[in-house]
Every structure is written in structure tokens, then in C-alpha cells.
Amino acid sequence: MIKVEIDEGSGFCFGVVTAINKAEEELAKDGTLYCLGDIVHNSREVERLKEMGLITINHDEFNHLHDVKVLLRAHGEPPETYDIARRNNIEIIDATCPVVLRLQKKIKQEYTQESNEDKQIVIYGKNGHAEVLGLVGQTTGKAIVIEKLEEAKKLDFSKSIRLYSQTTKSLEEFQKIVEYIKEHISPNVTFEYYDTICRQVANRIPNIRKFAASHDLIFFVSGKKSSNGKILFHECQSVNPNSHFIDSAEEIDNNLLMGAASIGICGATSTPKWLMEEIFKAIKSRL
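About the cut-offs
- Residues numbered from 1 in each chain as written.
- Predicted model: local features only at pLDDT ≥ 70, side-chain atom pairs only at ≥ 80, totals over all residues.
- Heavy atoms only, no water.
- Pairing = 2+ DSSP bridges.
- Helix = DSSP H or I, 4+ residues; strand = E, 2+ residues; numbered from the N terminus.
- Axes fitted to C-alpha atoms, helices over the stretch in contact; angles between N-to-C directions.
- Contact = heavy atoms within 4.5 Å.
- Buried < 20%, exposed > 50% of the residue type's maximum accessible area, 1.4 Å probe, protein only.
- Right-handed = clockwise from strand over helix to strand, strands pointing away.
- Phe/Tyr/Trp six-rings, centres within 6.5 Å; stacked < 30°, edge-to-face > 60°.
- Parallel < 35°, antiparallel > 145°, perpendicular 65-115°, else oblique.
- Left-handed = near helix turned anticlockwise from the far one by under 90°.
- Nonpolar A, V, L, I, M, F, W, Y, C, P; charged D, E, K, R; others polar.

Neighbouring strands of a sheet are bound in pairs by backbone hydrogen bonds; such pairs are parallel or else antiparallel. Taken in spatial order, the four strands make up an open sheet running β1-β12-β10-β11, and their pairing is parallel. The open sheet is flanked by β1 (3-6) and β11 (243-246), the only strands paired with a single partner. Strand-to-strand twist of the sheet, defined as the mean angle between neighbouring strand axes without regard to direction, takes the value 20°. Summarising the sheet, strand β10 (residues 217-221) and β11 pair through four bridges and their orientation is parallel. In the strand pairing of β11, Phe219 is matched with His244. Of the strands in this sheet, β10, β11 and β12 (262-267) touch helix α11 (residues 227-239), which is tilted by about 160° from β11.

Here it is in C-alpha cells:
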């Protein structure tokens, strides 16, 4: 008998759950709600909410809207978005994750603080990612974004540095960047760093590694756009090379099911539980 198991620790983080709950509440009341960008980096969940009436728009479309309701997703937005909403009489349904909101405030306080120091505000994150755009916006575009240790080596170590992190990045990589800056910064300036990585995400890494190692075959379910999905899938692969990235049941290769005594299904913080259950049923039906 082949064992098939869904990882209990996988699925939406609380920030995504809140955003989706808010969207569903508003759609039940009104039937029309706009969302600035994909509510979550999972095409299947976006499609489900679209069928309920959620209209996904980009920033250009947002700029031309008036007198409507717009939901801001968990990733957060720069101050400019709120300014446009006020000008255009747009009612904002703000679903920015509380962890992201706290980080935005920290960065804004650092940026607006009166100081004699010539300092660099540095964000470890993915260039162009929605959350990072919101963070950089707190500094009127002045923050420096680095994606990996190699880019940290190009910072100006003769100037003070304040280091922050996108909430869903790798804690291990962040610590390597901190150590590198500590070793290379000039003794005449200051370095302060803030570990702003969400533990709901970071704590999934040891759990998902344990889950992946306990099965012969892993199907990691995630949207292709999910940064968090890429990080967690990499962790699965590092302990179980027989790990496969899919975003729907149609992508399951039946040949992979041959010879596996146990199959694990897990996913990103942007992967809905119902989708993992759909994958579970599809696998069971093929065994």
C-alpha cells in the first residue's frame, strides 16, 4: 500500500489568509472589488477569486480608477499608492501583512531620522518584488536592494549601513551578509542590522526539509511566481532529489509514481490547502 501524505505545515501564511478573507468578505457584500496585483502568487487561487468577482489590475490601471474599492494585498504598497487613492477617491481595503507594515514603518523612520551620518539603507530582497517595491518606496527610491552576498560586496564600506530584509527571504543567507559587512565595514562608521524575516516563513524550512526527507517522492505545489515557493522547493530538493515542482494535477508525471512507497505533497506560503488536496486526490486515483 503506497502512503500519500499532505504536509500539515504547508499552505497559506496568516498574512495571505487575512487578505483572502478580506477579499471574500467584500465580494459577498458588494460583488465588485479590484485588487492591485495578484492577491497571491498562485494562479489557481487567483482564478478562483476572479470567478467570485475579484478584478486584478496593475498600477497603470489603478492610476486611472475613481470612486471604487481596491484591495491592497499582503505584500504592501509604497506611500505613492495611498496618495493616488486619496486623489481619486478610491476606498482602500488594506490587507498588508502586519509583519510587512512594521518593516515599512521601521525603514521610513530610519530614512526620515535627522542624522549627521551619511548612511546607506540596504534591503536584502528580490529586485522588483511587490514587497520590496513597497519597502523602497518608504525611502523615495533611495534604498539599495541586494539579492545575494555577491552584491553586498559592492556596498560602500566607508559609509554607515542599515540593513533590513524582505520578510520571506532566507535567514541563512541574511546571516552570511551580516557577517560579511561586519568584517569589511570601516571602523569609523556604524553598521546596524535588523532581522525582519517572518518566522512563519523561516520556520517552515526545517519542517519542510524533515517532511521531504521522510518520503520517497515529493510533489511541491506552488505558483511559478512565488519567491517563497522557489526557496522552499530548493530546500526540498537539497534533502530529497526526487522532488518535483508542480502547480496543478495536470503536471503530475505518472511515471514518477512507479516504485514509490511513500509520496509527500507540500507547498509554499502562497499555496492553498484545497489545491494540495486536489493533488492528493489525483495521485490516489492514479495508483
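Turning our attention to the pairing of strand β8 (residues 160-165). A large share of β8 lies buried, amounting to six of its six residues. Residue alternation in β8 divides its side chains into two sets, Ser160, Arg162 and Tyr164 and Ile161, Leu163 and Ser165, and both sets are buried. Relative to β8, strand β6 (residues 119-124) runs parallel, the two sharing six bridges. The residue of β8 that forms the bridge with Ile121 is Arg162. Here three bridges tie β8 to strand β9 (residues 191-193), and the two strands are oriented parallel to one another. When the sheet's bridge partners are listed, Leu163 is paired in β9 with Tyr193. Of the crossover connections in this fold, the one passing from β8 over helix α8 (residues 171-184) to the parallel β9 is right-handed.

For the structure on display, the rule yields seven aromatic pairs. One aromatic cluster is present, formed by Phe220, Phe233 and Phe245 through successive ring pairs.

Pairing in this open sheet of four strands is parallel, and the strands run β7-β6-β8-β9 from one edge to the other. Two strands lie at the open edges of the sheet, namely β7 (144-146) and β9, each paired on one side alone. Across the sheet, the mean angle separating the axes of adjacent strands is 20° when strand polarity is ignored. Across the sheet, α8 is in contact with β6, β7, β8 and β9; its angle to β8 comes to roughly 175°.

This part covers the environment of Ile283. When you line up the elements, Ile283 lands in helix α13 (residues 273-286). With relative accessibility at 0%, the residue Ile283 sits in the buried group. In this structure, the C-alpha to C-alpha distance between Ile283 and Asp253, residues 30 residues apart in sequence, is 10.0 Å. When neighbours within four sequence positions are excluded, Ile283 is seen to be in contact with Val4, Phe219, Ile252, Leu257, Ile263 and Ile265.

α11 packs onto helix α10 (residues 204-213) with a crossing angle of 40° between their chain directions and a minimal axis gap of 8 Å. Put simply, α10 runs oblique to α11. Both α10 and α11 take part in a crossing whose hand is right-handed. Counted together, Arg204, Ile205, Ile208, Arg209, Ala212 and Ala213 of α10 and Ile231, Leu232, Glu235, Cys236, Ser238 and Val239 of α11 form the full contact between these two elements. A per-class count over the contact of α10 with α11 returns eight nonpolar, one polar and three charged.

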